[in-house]
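Per-entry structural report
Listed below are the residues making up each chain.
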Amino acid sequence: MKASKKTWLWEISREDLPGTHYLFGTVHIKSEKVFRWLEPAFEFLDQCETVATEYDLGENSGKNPLQTLQTDPDYRLSEVLRPKKFSRLERIFFEATGLQLILYDKVHPFILISLITQAVLPSERPRAMDEEIWLRALNNGKQTCGLETLASQMNLILEMDQSYFVDQLKALGRNFSRFKSRQNKLVDLYTLGDLPK
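Described in the following lines is the structure provided in the data block. Starting afresh in each chain, residues are numbered from 1 along the sequence in its written order. Per-residue local features are limited, in this predicted model, to residues with pLDDT of at least 70; the limit for side-chain atom pairs, both in listing and counting, is 80 or more; totals at the level of whole chains, interfaces and linings are taken over all residues. Side-chain numbers here rest on the full set of heavy atoms in the structure, without hydrogens or water.

**Re the overall build of the protein chain**
Helix and strand counts for the protein chain come out as 8 helices and 4 strands. In terms of overall dimensions, the protein chain has C-alpha extents of about 60 × 35 × 30 Å along its principal axes. Note on classification: 1.4 Å probe, protein chains only; a residue is buried when its accessible area is under 20% of the maximum for its type, exposed when over 50%, partly exposed between these limits. Across the 197 residues that make up the protein chain, the buried fraction comes to 36%. Note on contacts: a residue pair is in contact if any heavy atoms of the two residues lie within 4.5 Å. Here the analysis covers contacts within the protein chain between residues at least 6 apart in sequence; of these, 77% occur between residues at least 24 apart. Residue exposure ignores everything except the shown protein chains as possible cover, and the areas themselves are Shrake-Rupley values with a 1.4 Å probe. Accessible area of the protein chain: about 12,300 Å², with a carbon and sulfur share of 51%. Mean positive and mean negative side-chain charge positions of the protein chain (26 and 27 charges, respectively) differ by 10 Å. Note on conventions: DSSP H or I runs of at least 4 residues are helices, E runs of at least 2 residues are strands, and numbering of each starts at the N terminus. Note that His is not counted, nor are the chain ends; the positive residues are Lys and Arg, and the negative ones are Asp and Glu. Just so you know, the charge point we use is NZ for Lys, CZ for Arg, CG for Asp and CD for Glu.

The structure is reproduced here in structure tokens:
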């Protein structure tokens, strides 16, 4: 496939790599417009013997992978943020998710960012793209696996300084409309197949 072509699907072939392999770049959202890339990808997926997603989705067993993130036992977002900033974030969190932020006071800030992000993006489909691919592979009797483990992904987040995510929450609280606009812009760029942008 030409490097200039706007696509999320690439064919990988090398002399020392037997067979034909495909790489399909997905996004973890349920927006109808990004699914325009999925049907053409299924044509190639159906030719494959094995389908590997980011991590083994069967490992998840229906639980939210973010639930495995733990914070410091003494951590409370309401104590990390100044009262005025917490109050503003509380209002934004409720507006976006319909949930009370105080109930998530001890939750890892990465989870809060993820919940808000999911809430502000279009969500017309019951499942995200990678879940649809996984189900298609299982239903067609393909071998499935993960490129990484869920534990390794969560450990990478835990190894990062928690204050980095708190700073992201602060920025989100300062300009929520900008945050929403950026998230939706990313969806639009994915829909257009614009990888450089």
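**Some remarks on helix H6 (residues 150-159)**
Those residues of H6 lying buried are Leu150, Gln153, Met154 and Ile157. Buried residues along H6 cover an arc of 95° about the axis, so they all sit on one side. Working definition: the arc comes from the directions between the helix axis and the C-beta atoms, pointing outward to the latter.

**Focus: the packing of aromatic side chains**
Note on aromatic contacts: the rings of Phe and Tyr and the six-membered ring of Trp form a pair at centre separations within 6.5 Å, being stacked when their planes are under 30 degrees apart, edge-to-face when over 60 apart, and tilted otherwise. As enumerated under the stated definition, the model contains 7 aromatic pairs in all. Here the aromatic rings of Tyr164 and Phe165 are separated by 5.1 Å at their centres, their planes lie at 75°, and the arrangement is edge-to-face. Tyr164 gets classed as partly exposed once you look at its relative accessible area, which sits at 42%. Classification of Phe165 by relative accessible area gives buried; the value is 3%. Within the aromatic cluster, the residues linked to one another by ring pairs are Trp8, Trp10 and Tyr190. Each ring is checked for a lysine NZ or an arginine CZ that lies within 6 Å of its centre and within 35 degrees of its normal; such an atom marks a charge sitting over the ring. Note that Arg36 overlies the ring of Trp37, its terminal NZ or CZ placed 4.7 Å from the centroid. One cation-aromatic arrangement involves Arg125 over Phe35; the distance from NZ or CZ to the ring centre is 4.1 Å.

**Regarding the pairing of strand E2 (residues 17-24)**
Only when DSSP finds a minimum of two bridges between them are two strands counted as paired. As paired strands, strand E1 (residues 9-14) and E2 are joined by 5 bridges and run antiparallel to one another. What sits directly across from Glu11, in E2, is Tyr22. Linkage of E1 to E2, two consecutive antiparallel strands, is achieved through a turn of 2 residues.

**Description of the packing of helix H4 (residues 109-120) against helix H8 (residues 176-192)**
Angles run from 0 to 180 degrees between N-to-C directions of axes, and those axes are lines fitted to C-alpha atoms, restricted for helices to the stretch in contact. The contact between H4 and H8 brings their axes to 10 Å, and the two run at 70°. By the criterion of interaxial angle, the relationship of H4 to H8 is roughly perpendicular. H4 and H8 meet at a crossing whose hand is right-handed. When H4 is examined against H8, the residues Ile116, Thr117 and Val120 are found in contact with a partner set consisting of Phe176, Phe179, Lys180, Gln183 and Asn184. Across the contact of H4 with H8, the residue classes tally to 4 nonpolar, 3 polar and 1 charged. Oblique is the label for any angle not under 35 degrees, not over 145, and not in the 65 to 115 range, which are roughly parallel, roughly antiparallel and roughly perpendicular in turn. Note: crossing handedness is left-handed where the near helix turns anticlockwise from the far helix by less than a right angle, and right-handed where it turns clockwise. Under this grouping Gly is polar, as are all residues other than the nonpolar Ala, Val, Leu, Ile, Met, Phe, Trp, Tyr, Cys and Pro and the charged Asp, Glu, Lys and Arg.

**Some points on the side chain of Thr53**
By the secondary structure assignment, Thr53 is in strand E3 (residues 50-55). Looking at Thr53, the relative accessible area reads 8%, which means it is buried. There is a polar contact of 2.8 Å between the side chain of Thr53 and the backbone oxygen of Tyr55. When residues no more than four places from it in sequence are discounted, the contact partners of Thr53 are Asp130, Trp134, Cys145, Gly146 and Leu147. Between N or O atoms, a polar contact is any pair within 3.5 Å; within protein, one atom must be a potential hydrogen donor and the other a potential acceptor, and residues adjacent in sequence are included only when both atoms are from side chains.

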